[in-house]
There are 2 protein chains.
Amino acid sequence: MTGDAGTRVAPPAEHAMWLPDAATAHLSGRSVAVRGAGALLDTVRREAQRAGMTFVDAGAQLVVEASAATGPEAFEISRADGTTRVRAGGEAGALYGWFHIVRLGAAAFADDLPTTTHEPQHALRMLDHWDNLDVHPVMGQVERGYAGGSIFFEGGRVRGDLSRVERYARLLASIGVNRVGLNNVNVHRREARLLTDDIGEVVRLAEAYRPWGIRVHLSVSFAAPITLGGLDTADPFDADVQRWWADAVDRVYAAIPDFGGFVVKADSEGQPGPFAYGRDHADGANLLARALAPHRGLLHWRAFVYNHQQDWRDRRTDRARAAYDHFAPLDGRFDDNVILQVKYGPMDFQPREPVSPVIPAMRQTAVALELQVTQEYTGQQRHAVYLAPQWREILGFAPFGDDGPALADLVRGGIAAVSNVGDDPFWTGHPLAQANLYAYGRLAWDARLHPGAILDEWIALTFGHDQALRRGIRSILDDSWRTYEAYTAPLGVGFMVTPGSHYGPSVDGYEYSPWGTYHFADRDGVGVDRTVATGTGYAGQYPSPWRERYESLETVPDELLLFFHHVPYTHRLRSGATVIQHIYDTHADGAAAVDRMIAEWDLLDGRVPSDVFARVRGLLAEQQRSAREWRDQVCTYFWRKSGIPDAAGRVIP
Amino acid sequence: MTGDAGTRVAPPAEHAMWLPDAATAHLSGRSVAVRGAGALLDTVRREAQRAGMTFVDAGAQLVVEASAATGPEAFEISRADGTTRVRAGGEAGALYGWFHIVRLGAAAFADDLPTTTHEPQHALRMLDHWDNLDVHPVMGQVERGYAGGSIFFEGGRVRGDLSRVERYARLLASIGVNRVGLNNVNVHRREARLLTDDIGEVVRLAEAYRPWGIRVHLSVSFAAPITLGGLDTADPFDADVQRWWADAVDRVYAAIPDFGGFVVKADSEGQPGPFAYGRDHADGANLLARALAPHRGLLHWRAFVYNHQQDWRDRRTDRARAAYDHFAPLDGRFDDNVILQVKYGPMDFQPREPVSPVIPAMRQTAVALELQVTQEYTGQQRHAVYLAPQWREILGFAPFGDDGPALADLVRGGIAAVSNVGDDPFWTGHPLAQANLYAYGRLAWDARLHPGAILDEWIALTFGHDQALRRGIRSILDDSWRTYEAYTAPLGVGFMVTPGSHYGPSVDGYEYSPWGTYHFADRDGVGVDRTVATGTGYAGQYPSPWRERYESLETVPDELLLFFHHVPYTHRLRSGATVIQHIYDTHADGAAAVDRMIAEWDLLDGRVPSDVFARVRGLLAEQQRSAREWRDQVCTYFWRKSGIPDAAGRVIP
C-alpha cells in the first residue's frame, strides 16, 4: 500500500517532474473540504495535506466533492462566494479535478474564475511499458527505453522498494492516465511467468497504482499454454487451451480484483500467435477476451502485423499494406472486450507517416490509437523533440474528409502509448522529454488541447512562472518536431536510420533488408509508389477523399510525397522547390535550427536548476552533432546519386 | 601437466581434425627407436606408442634422433637399409620430423624415399587467440570467433579440464606452430589480471603447451601500471612505471620460465598507449621490451594504428596511410626483442588488399607478418573459403620488384595469425575451415609450399586417400577465395560489409562512418584515389617498382584498381570489360560458383562422416543464400547508381 506517500520526500537525486512542491504553493495555507468516501478521495485528502491546506467543515476556500452529476471521471469547476468548488461525478473525477486545481495555480481562486466542465474524451488512457525483468544484452532492460533501467523491475524481480512507482503513479494520475501496461509486449521467458508464478509480485505493483485510480495490465505470450501450462498446443479452438486461459485469468483476478487485462503482440516480429493453428487474429483475440470477460477485463490486441522476412527485390509487397490487409476483413468479428491497438501509422512510429487506414476501416471494432512517447525514431531522448504537435495532427486527422469525424473521435478503444520513463534521475533522460509524457496524458484526455498551451502548463508547473524561461523553452520546443523531421528522412519516406539501434543516419541502412522499409532511391529519383494506378495500391486502403488525394501528384501533401510516390529529383513540390533542392534546404535549415536551440538554451543559464541546465546543454551538443551528421549524410548521399548540386553550394560531394 | 595425453581418447563429440587415429595407421606395428633425452623426445615416444609402434633398440624401421647437425627445429629425412631416419638438430626438430613422417604416410617407408632436409623459414610461428575470460554481450567470448566459446577459458577462469587444450597443442605442433598468444589483444578489465593475480592460471596453460614445444604469450594492457599497479601514470619514461613492469615480468618468469612474451595493441581503436604521455610507439614498445629482455622474452607490438574517429567528409585523410606514417619514421629505434606485428594489408584483413608498405619500409626492425585465420571478413566460417592461395600471394609478393626478396624473406619477426578455433565440436565451426588452420602452420613453416599440395595433405590426413573425395574437396576449395572475392566488394575496394558484425553485404555500411573505410561511389564512378598525383599519396609509400605500378592506370593490377583509383563505371579494365560490367559479371559468376560447390559436395555424401557432411551441407546452403544476397545488393546498388544496365540483363533494378 502507498501508506504515507503524500508526506514522503523524494530523494534529492530524483527530479520531481511537473509536480515539485512549488506547483502546489498556491494551495498552502488555504482551507479545504473533501467530501465523500472512497480511496481516491482519501488520496485527494493526502494531497491537500501535503500541499499544506487546512481542513475545515464549512466555509472552505476549496471544496472537492464527488456526486453523481456526470460520468465517474468528469468534474466541474466553479467559483462562488469565495469558494472554488470541484464537483465530480465520481471519486476518479474528484482526483482529476484536484489536479486541475493544481494546474490552474493562483487563478483557481480568482473571483472571475469561469465555470467549466471537464470530461475525458476517452475512457481508456493507457501507458504501455516495454520493461523486462532481466537486462537484455543489446536492448537493455527497457526495450526502446532511453532513460535507464526499469522503475518496476530489478535483478529479475519486482523492486523491493516501490516508492518511486508510487510517485510515478501520482504523476500519471495528475495527467489523467488510468491504465498501465507493466511489461514488454515482446514477452520473453522470464517475463511470461508474471502471469502465473509471479502474480504475487504484480499484486504489489497494482497496490502502488490503485490509490491513483490506475489499473494494471500485463503483456502475455500467446504461447503461454505451452510454455507455462505444459500443453502441447496454444490453438484457440482447443478446449484445454481455453480452460487454461480461463483458469489463469481467474487466478489473476483472485489476486488483483481490479486487474485491467492483457496486451498481446501475436504473429508479429517472431512472437507466437494463432496463425500456427490455421486461426486468424479474431480467433486468437477472442480466446483471451472470453477468459477475461467474466471479470470485465480487456484484451488489447496489437495490429502491428507484417512480414518481417520480406524480399527487398519484390517491389510489390508493401509493409504499409499489411495491418489493413490482415485486420480490415475481420471487422465485426472481435468480441466486445477486445481492443485492437493500432499504431498511428502503417509503418513504425516514424517522425512522419500518414495515419493508419486501419482505424477508419474498423468501424465495428473498438480501436485504440497507439502513440510512442519513447522517442525510438525521434531522437531517443538525446534530441529535444516535442511530439505533441505530431500527435495533435494525428488525432485531428479526418479520415472521411473535413466534414467527417476526427481520428480522436473514431477510436472507441481509447489511446495507448509507449512510456518514456526509466530509473534515470530525470525520469526521461532528456529533461525536456518530460514534456512529452505530460502532453501525452493531456491529449489523451482532450485531443483538442493546443500543444503550445500544454507546453505552457508543463513549463509553469515544472519551472514556475518565469516569462523569459517560458519564451525560451517554447522557442526551443514549439517547432522541434518539424526541425527533427527537416534534418532526417525527407518528405515522409521514413527510416534511413541505423539498423538495430534506430539512432542516427544510415540512408541505405534498411534499403536491402527484410524489414520492408525502403526508399528505392536511384540516380533518377526516390520514393515508394503506393498508388493504385501503378504502385502497391496502398493509397486505395483509405476512404475518400484521402484515397484520391494521396493517389494524385497534384493533391498529395508535400510532406508525404515520397511515402506515396516515386518521383524524379527534379519533381517540383507544391512549395515550388524541386525535391532535390528541398532535401538540401530542409537539411541545412534543420541543422541550423538546432544551433539556434542551443543559443536559446544558453540564455536560460541560471533560470533553471543547474542540473537541468547541464543535462540539457550536454544533450543539445549531441543533438547538434547528430543533426549535422544527418544533414551531411543525407545531402551527400543524394548529391552523389542525383549528380544535381545544391543551388546554395553547401553540400559536400 | 599433460600426463598421459597420448593415450587419452577424445570424446566422441569432438572431431579429431587432421590427426585421427587413421592418420598414423601406416605406423602401427612398425618398430621405432627414439634416441636422446628431453621432454619433446618423450612426447615423440608417447606419439609412437599411441600410433601402435614397437620400441626396439636396434634395427628399427623408424629412427628419430636429435643431434646438433642443424638448427634446433630442423630435421633431415633419409632412408637406408630398411630404416627411415629422422635426424633432427634438436628435440623440437625431432618432434617436427615425427609429424613429417605422419604426413608422408606409407611413402615414409618406401625404399625410394629421397633424402630431404627441412628447416622452418621463420623461427617464430605464432597463433594469436582473441579469447576473453568473460563472454562479451555482443562479441561473444572469442572476439571475431566463429566457432563457439574459448577452449581456454570458461566462467571467468581458465578451464579446470585442459585436456582439449592439450589436444589442440598436439595439432598445432604437428603443423609447426611454436608460439601461442592466449588472450584478446583488446585487453578488458578481467583479462588484464592474467598478468598478475591470475598468473597461476596461465601456468596451467603453459604446462599444457610445453610438451609440444609451444611457448605462451600474453596480451597485456599498456595501462596496466595504473589499472593493476595503482600508479597514476603509465608513462614509459617514468621510473616507477619501468620498475612496475620489470617486477611484473620477473614474477611471470618465476612462474613460467619459458614464457614467450607480451602482445600489445596500443593507441589503437581505443586501447591505451604511449601517446597519452607524449611518447611514441618506440618509447612504448621499448619500455616493455626492456622488462622482458633479461628473460629473453619478446614484445610483439602491433602496427594496427589509425584514426578510427575519422571524418568521412575529409577525403584527404587515408586510413591506409596510417601504419606507415606512424611507424616508418621509427625504423631503427626499436630494441632487438621488439617485434613489430603488421597486418598483411594497410586496412583490415580484407579479402583483397595490397600488401602493407610498412614491411618493406622497416628494414632495421624485426617485423612479423600478421594473417587472419579466423574468417572475420571472409565469410566467418559460414562460407567455405580456403585462404592459403591468398596467403601465398602475400608471402610471395616482392616489394622491390621481381628480382628482390619475397615478403616471406623480409619478415625477420616471423609469422603470426589470429586463430579460428573454439569449443565447437569441429573446432572451427565450418569443418572445411580446418584446412585454413592447417595451411597456416604449413605456410608459416615454408611459404613456398603450394596451396593445392597443402590441401592434399590435409585431405589425406583428415579423410584418408579417397581420390574422388580429394577431387571433390579440391574443386570446392581451390578457387574458393577468388569466388568469395568475386561475389563481395569489387576490385579491391574492400568493406561493403554490415557494420559491427562484418558479415553479409551493406554497400554503404561504412561509407559515412568514422572508420575510414570508403568507396566513394557516386553516379559517375567508384574507388579511392590513393595516387601521389591527385590522391592521398598512399601509392608513394611503396618502393619502386610498385609505387609506379600502383600509381598508373596503365599498370595497376585489375584486382586492386579501386583500391588505388577512382574511375568512371565505363573505365575499361585490362581484362577488356568495363568496371560496371565486371561488377555484374563477377557477382553472377561468384554466386554461380557456390551453386557448383553444393553440387560437388552432394556427390561426396557417404564419402565423409555423416556429421561432417551434414554440417558442411547446412553451411553451404547459408553460403548460397549469402552469396546471392551479396550479388543482388551489390549489383542493384551499382545499377541504381550508374544507370548502366547489365549487358546480360540479370540485375534487378
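Rules used in this analysis
- Residues numbered from 1 in each chain as written.
- Chains lettered and ligands numbered in written order.
- Predicted model: local features only at pLDDT ≥ 70, side-chain atom pairs only at ≥ 80, totals over all residues.
- Heavy atoms only, no water.
- Phe/Tyr/Trp six-rings, centres within 6.5 Å; stacked < 30°, edge-to-face > 60°.
- Helix = DSSP H or I, 4+ residues; strand = E, 2+ residues; numbered from the N terminus.
- Buried < 20%, exposed > 50% of the residue type's maximum accessible area, 1.4 Å probe, protein only.
- Least-squares fit on C-alpha atoms with pLDDT ≥ 70 in both.
- Polar contact = N/O pair within 3.5 Å; in protein donor to acceptor, adjacent residues only side chain to side chain.
- Contact = heavy atoms within 4.5 Å.
- Pairing = 2+ DSSP bridges.
- Axes fitted to C-alpha atoms, helices over the stretch in contact; angles between N-to-C directions.
- 1 Å grid on protein atoms, 1.4 Å probe; cavity = no way out; pocket = protein on both sides within 12 Å on 5 of 7 lines; lining within 4 Å.
- Points joined across faces, edges and corners; volume = space filled by probe spheres on them.
- Nonpolar A, V, L, I, M, F, W, Y, C, P; charged D, E, K, R; others polar.
- Buried area = accessible area lost by both parts, 1.4 Å probe.
- Salt bridge = Lys/Arg side-chain N within 4 Å of Asp/Glu carboxyl O.
- Parallel < 35°, antiparallel > 145°, perpendicular 65-115°, else oblique.
- Left-handed = near helix turned anticlockwise from the far one by under 90°.
- Right-handed = clockwise from strand over helix to strand, strands pointing away.

Engineer: Pulling in residues and values, what's your account of the packing of aromatic side chains?
Structural biologist: The full count for this structure, using the stated rule, is 64 aromatic pairs over all chains. Their ring planes at 65° and their centres at 5.8 Å tell us that Tyr538 of chain A and Phe563 of chain A sit as a pair that is edge-to-face. Of the two residues, Tyr538 of chain A is situated in the loop between strand 19 (525-526) and helix 17 (546-551) and Phe563 of chain A in helix 18 (residues 561-564); the sequence distance between them amounts to 25 residues. Looking at Tyr538 of chain A, the relative accessible area reads 0%, which means it is buried. The class of Phe563 of chain A is buried, set by a relative accessible area of 2%. Ring centres 6.2 Å apart and planes at 75° place the aromatic pair Phe152 of chain B and Tyr209 of chain B in the edge-to-face group. Taken as a pair, Phe152 of chain B in the loop between strand 9 (140-142) and strand 10 (153-154) and Tyr209 of chain B in helix 5 (residues 199-209) lie far apart in primary sequence, 57 residues in all. Summarising the burial analysis for this pair, Phe152 of chain B and Tyr209 of chain B share the class buried. Put simply, the rings of Phe397, Tyr538, Tyr542, Trp546, Tyr550, Phe563 and Phe564 of chain A touch in pairs and so form one group of aromatic residues.

Engineer: I'd like to hear about the relation of the copies chain A and chain B, residue by residue, with values.
Structural biologist: When chain A is brought onto chain B, the operation consists of a screw motion whose angular component is 180° and whose axial shift is 0.1 Å, with 0.0 Å RMSD remaining. Viewed as a symmetry operation, the transformation between the two copies matches a two-fold axis.

Engineer: Now, about the side chain of His519 of chain A: what can you tell me, with residues and values included?
Structural biologist: Residue and element names in this part refer to chain A. On the secondary structure map, His519 appears in the loop between helix 16 (480-487) and strand 19. Note on His519: relative accessible area 2%, which makes it buried. At 3.2 Å, the side chain of His519 and the side chain of Asp508 are in polar contact. Excluding residues within four positions of it along the chain, His519 makes contact with Val493, Met496, Val507, Asp508, Glu511, Val526, Gly527, Val528 and Tyr637.

Engineer: Give a description of the sheet that holds strand 15 (residues 298-302) of chain A that names residues and reports values.
Structural biologist: Residue and element names in this part refer to chain A. Overall, parallel pairing links the eight strands, which are arranged 7-12-13-14-15-16-17-18 in a closed barrel. Taken over all neighbouring pairs, the strand axes of this sheet differ in orientation by 25° on average, direction set aside. Pairing of strand 15 with strand 16 (residues 338-343), which is carried by four bridges, proceeds in the parallel orientation. Across the sheet, residue Arg302 finds its bridge partner in strand 16, namely Gln341. Contacting strand 7 (125-128), strand 17 (366-372) and strand 18 (415-418), helix 13 (residues 434-445) crosses the sheet at an angle of about 150° to strand 7.

Engineer: Residues and numbers for the pairing of strand 7 (residues 125-128) of chain B, please.
Structural biologist: All names here are of chain B. Here strand 7 shows two buried faces, one formed by Arg125 and Leu127 and the other by Met126 and Asp128. For strand 7 and strand 18 (residues 415-418), the ladder comprises four bridges, and the chain directions are parallel. From the neighbouring strand, Asp128 faces strand 18, where its bridge partner is Val418. In this sheet, strand 12 (residues 179-181) lies alongside strand 7 in parallel orientation, the contact comprising three bridges. Across the sheet, residue Met126 finds its bridge partner in strand 12, namely Arg179.

Engineer: An account of the layout of surface pockets is needed here, citing residue identities and associated values.
Structural biologist: Residues and elements named next belong to chain A. Taken as a whole, the second largest pocket holds about 620 Å³ of empty space. Residue lining of the second largest pocket: 34 residues in total, with His100, Arg103, Leu104, Arg442 and Glu457 positioned closest to the centre. With eight residues, the top contributor of residues to the lining of the second largest pocket is helix 14 (residues 451-463). For the lining of the second largest pocket, a count of residues per class yields 18 nonpolar, nine polar and seven charged.

Engineer: Please provide a residue-by-residue account of the side chain of Ser356 of chain A, values included.
Structural biologist: Summarising the element assignment, Ser356 of chain A is placed in the loop between strand 16 and helix 10 (358-361). Not counting the four nearest positions on each side in its chain, Ser356 of chain A is found in contact with Val342, Lys343, Tyr344, Gly345, Pro346 and Tyr542 of chain A.

Engineer: Could you give an account of the environment of Tyr440 of chain B, naming the residues involved and the relevant values?
Structural biologist: Residue and element names in this part refer to chain B. Position of Tyr440 relative to the elements: it lies in helix 13 (residues 434-445). The class for Tyr440 is buried, based on a relative accessible area of 1%. C-alpha separation for the pair Tyr440 and Ala416, spaced 24 residues apart in sequence, amounts to 9.3 Å. Beyond its immediate chain neighbours, meaning those up to four positions away, Tyr440 contacts Arg125, Met126, Leu127, Val177, Leu371, Val373, Trp391, Ile415, Ala416 and Ala417.

Engineer: Give a description of the environment of Pro431 of chain A that names residues and reports values.
Structural biologist: All names here are of chain A. With respect to the secondary-structure elements, Pro431 resides in the loop between strand 18 and helix 13. Sequence spacing of Pro431 and Gly401 is 30 residues, and the spatial spacing of their C-alpha atoms is 38 Å. Not counting residues up to four positions away in its chain, the partners in contact with Pro431 are Phe426, Trp458, Val612, Arg615, Val616 and Leu619.

Engineer: Account for the interface of chain A and chain B, with residues named and values stated.
Structural biologist: With 24 residues of chain A at the interface, the matching set in chain B holds 23 residues. Buried surface at the junction of chain A and chain B, both sides included, amounts to about 2300 Å², of which 49% is carbon and sulfur. It is Tyr512, Arg523 and Arg640 of chain A in chain A that bury the most area against chain B; as a group they hold 35% of the surface buried on that side. Where chain A meets chain B, there are six salt bridges. Notably, a salt bridge pairs Glu511 of chain A with Arg640 of chain B, separated by 3.0 Å at the nearest N-O pair. Joining chain A to chain B, the criterion identifies 17 residue pairs in polar contact (both at pLDDT 80 or more). Residue composition of the side of chain A that touches chain B, by class: eight nonpolar, four polar and twelve charged.

Engineer: How would you sum up the pattern of salt bridges? Please name residues and give values.
Structural biologist: For the coordinates displayed, the defined rule picks out 99 salt bridges over all chains. For Arg313 of chain A, the salt bridge is made with Asp632 of chain B, and the minimal N-O distance between the two is 2.5 Å. One end of the pair, Arg313 of chain A, is in the loop between strand 15 and helix 9 (322-327); the other, Asp632 of chain B, is in helix 20 (residues 610-642), on a second chain. The exposure class assigned to Arg313 of chain A is partly exposed, which follows from its relative accessible area of 21%.

Engineer: Explain the packing of helix 1 (residues 39-50) of chain A against helix 2 (residues 91-104) of chain A residue by residue, including any values.
Structural biologist: All names here are of chain A. Orientation of helix 1 relative to helix 2, taken along the N-to-C sense of each, is 20°, at an axis distance of 7 Å. In terms of axis orientation, helix 1 runs roughly parallel to helix 2. Of the two possible hands of crossing, helix 1 and helix 2 adopt the one that is left-handed. Facing helix 1, whose interface residues are Ala39, Leu40, Leu41, Thr43, Val44, Glu47 and Ala48, helix 2 presents Glu91, Ala92, Ala94, Leu95, Trp98 and Phe99. Looking at the contact of helix 1 with helix 2 residue by residue, the class counts come to ten nonpolar, one polar and two charged.

Engineer: Would you mind going over the sheet that holds strand 12 of chain B in detail, with residue names and values included?
Structural biologist: Residue and element names in this part refer to chain B. The eight strands are arranged 7-12-13-14-15-16-17-18 in a closed barrel whose pairing can be described as parallel. Each adjacent strand pair in this sheet contributes to an overall mean axis angle of 25°, direction not counted. Across three bridges, strand 12 lies against strand 13 (residues 215-219) in parallel orientation. Within strand 13, the residue paired with Val180 across the bridge is Val216. Its contacts with the sheet place helix 11 (residues 388-396) against strand 17 (366-372) and strand 18, and it is angled at close to 160° to strand 17.

Engineer: I'd love a proper account of unusual backbone geometry, names of residues and values included.
Structural biologist: Residue and element names in this part refer to chain A. In this structure, Pro545 follows Ser544 across a cis peptide bond, with omega equal to 5°. When you line up the elements, Pro545 lands in the loop between strand 19 and helix 17. Its identity as a non-glycine residue notwithstanding, Phe349 has a phi of 55°, on the positive side. Within the secondary structure, Phe349 is located in the loop between strand 16 and helix 10.

Engineer: Give a detailed account of the pairing of strand 14 (residues 261-264) of chain A, specifying residues and quantitative values.
Structural biologist: Each regular strand displays side chains that alternate between the two surfaces of the sheet. Residue and element names in this part refer to chain A. As paired elements, strand 13 (residues 215-219) and strand 14 share three bridges and run parallel to each other. Bridging from a neighbouring strand, Ser219 pairs with Val263 of strand 14. Taken together, strand 14, helix 8 (residues 281-292) and strand 15 form a β-α-β motif whose crossover is right-handed.

Bear in mind that shape data such as this cannot, by itself, settle questions of function.
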